[in-house]
Amino acid sequence: MTSRTRVKICGLTTPETLAAAVAAGAAYVGFVFFPKSPRNLSLEAARMLAIEVPPGVAKVALTVDADDALIDALTEAVPLDMLQLHGGETPERVGEVRARAGLPVMKALGIAEEEDLAAIAAYEGVADQILIDAKPPRNAVLPGGNGLAFDWRLVSNRRWSGPWMLAGGLTPETVGEAVALTGARQVDVSSGVERAPGVKDAELIRAFVKAAG
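Computed from a predicted model, the values in this text were never measured in an experiment.

Regarding its fold elements, the protein presents seven helices and ten strands. In terms of overall dimensions, the protein is globule-like: its C-alpha atoms have a radius of gyration of 16 Å, near the 17 Å expected for 213 residues. Its C-alpha atoms put the protein at 40 × 40 × 35 Å along the principal axes. In the protein, buried positions account for 50% of the 213 residues. When contacts within the protein are restricted to residue pairs at least 6 apart in sequence, those whose partners lie at least 24 apart make up 55%. Placing the 21 positive and 26 negative side-chain charges of the protein at their respective mean positions leaves the two points 4 Å apart.

Put into structure tokens, the structure is as follows:
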């Protein structure tokens, strides 16, 4: 069963929660490669998870300002369908990574106020998708996965030239409202389906996908 709203469950670390995400109908599963994150995976651990993902579910690698060596290592070791760039990558760097990896690229952009939306235009031509996330607090260790939301009215029923995904503090309790308010056809969750930092909960995953509609 697949949700009408395409759901990405990010930061999966165990076979059990990966299986729960797939069974619930997630369209994307995300693996994190950022040492400061409690969801960080080794290449070998990610490979073992990725080979269990059935066809039709996109396998996404989240990186933060990754250098060419990491991009090469990732694409050689892990069977992936997409890269998610969650750092301060410039539009030029996004294009370089996309060409080097030979994979579609999703660029995450942090939003706190309407002025932040202007940056989206610079990335639309080089990224295959845009992830619209809550801007992390100043001095935050993590660029995402902080459990913070932004004012969804800022993106209410906006349209861009390519696909976009809504993220930022979504939970099973709030995702339905967020989808209704924004018109988002894709949503991303990480901390909102965890019982502790980095520890996904299968019941919360199922509840989130169901609530997304």
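The residue Thr-5 is located in the segment before strand E1 (6-9) in this model. There is a polar contact of 3.0 Å between the side chain of Thr-5 and the backbone oxygen of Ala-212. Aside from chain neighbours lying at most four places away, what touches Thr-5 is Val-179, Ala-184, Arg-185, Gln-186, Val-187, Ala-212 and Gly-213.

Considered for burial, the residues of helix H4 (residues 91-101) that qualify are Pro-91, Arg-93, Val-94, Val-97 and Ala-101. Looking straight down H4, one finds its buried side chains confined to an arc of 160°; they lie on one side. Along H4, exposed side chains directed more than 90 degrees from the buried face belong to Glu-92 and Ala-99.

Inspection of every chain in the model, using the stated rule, returns one aromatic pair. Aromatic pair Trp-160 and Trp-164: ring centres 5.4 Å apart, planes at 80°, arrangement edge-to-face. Exposure remark for Trp-164: the relative accessible area of 9% places this residue in the buried category. Lying across the ring of Tyr-123, Lys-107 places its NZ or CZ 5.6 Å from the centre.

For the structure shown, the criterion picks out 15 salt bridges. One salt bridge in this structure joins Lys-59 and Asp-81, with 3.0 Å as the shortest N-O distance. Of this pair, Lys-59 sits in strand E3 (residues 58-63) while Asp-81 sits in the loop between helix H3 (68-77) and strand E4 (82-85); the two residues are 22 residues apart in sequence, bridging distant segments of the chain. Overall, the relative accessible area of 11% leaves Lys-59 in the buried class. One salt bridge connects Arg-93 with Asp-68, and the closest N-O pair in it is separated by 2.9 Å. You can see Arg-93 sitting in helix H4 and its partner Asp-68 sitting in helix H3, a full 25 residues away along the chain. According to the relative accessible area criterion, Arg-93 is buried, its value standing at 17%. The structure contains a network of salt bridges with shared partners spanning Asp-68, Asp-72, Arg-93, Glu-96 and Arg-100.

Before going further, it helps to examine the nonpolar core. Within the largest apolar cluster, 56 residues are counted, with the highest numbers of intra-cluster contacts made by Ile-9, Phe-31, Leu-83, Phe-150, Leu-166 and Val-187. Considering every element that reaches this core, the biggest residue donor is helix H7 (residues 202-212), with four residues. Leaving out residues up to four positions away in the same chain, Leu-83 has contacts with Val-60, Ala-61, Ile-71, Val-97, Ala-101, Leu-103, Pro-104, Val-105 and Met-106. Counting residues in each nonpolar core, the second largest holds ten residues, with Tyr-28, Ala-58, Leu-131 and Met-165 among its members.

Residue placement: Thr-63 occurs in strand E3. If we ignore the near neighbours within four places in the chain, the residues touching Thr-63 are Phe-33, Leu-74, Gln-84, Leu-85, His-86, Gly-87 and Glu-89.

Let us now look at the pairing of strand E6 (residues 129-134). In terms of residue burial, E6 counts as a mostly covered element, since six of its six residues are buried. Of the strand pairs in this sheet, strand E5 (residues 105-111) and E6 are connected by six bridges, and their pairing is parallel. For Lys-107, the partnering residue across the bridge sits in E6 and is Ile-130. Between the parallel elements E5 and E6, the chain passes through helix H5 (residues 119-124) in a crossover that is right-handed. When E6 meets strand E7 (residues 164-166), the two strands line up parallel, connected through three bridges. Bridging from a neighbouring strand, Leu-131 pairs with Met-165 of E7.

Cut-offs applied
Residues numbered from 1 in each chain as written. Predicted model: local features only at pLDDT ≥ 70, side-chain atom pairs only at ≥ 80, totals over all residues. Heavy atoms only, no water. Helix = DSSP H or I, 4+ residues; strand = E, 2+ residues; numbered from the N terminus. Rg over C-alpha atoms; globule rule 2.2 N^0.38 Å. Buried < 20%, exposed > 50% of the residue type's maximum accessible area, 1.4 Å probe, protein only. Contact = heavy atoms within 4.5 Å. Lys, Arg positive; Asp, Glu negative; His and termini not counted. Charge placed at Lys NZ, Arg CZ, Asp CG, Glu CD. Polar contact = N/O pair within 3.5 Å; in protein donor to acceptor, adjacent residues only side chain to side chain. Arc of directions from axis to C-beta. Phe/Tyr/Trp six-rings, centres within 6.5 Å; stacked < 30°, edge-to-face > 60°. Lys NZ or Arg CZ within 6 Å of the ring centre and 35° of its normal. Salt bridge = Lys/Arg side-chain N within 4 Å of Asp/Glu carboxyl O. Core = buried A, V, L, I, M, F, W, Y, C linked by side-chain atoms within 4.5 Å. Pairing = 2+ DSSP bridges. Right-handed = clockwise from strand over helix to strand, strands pointing away.

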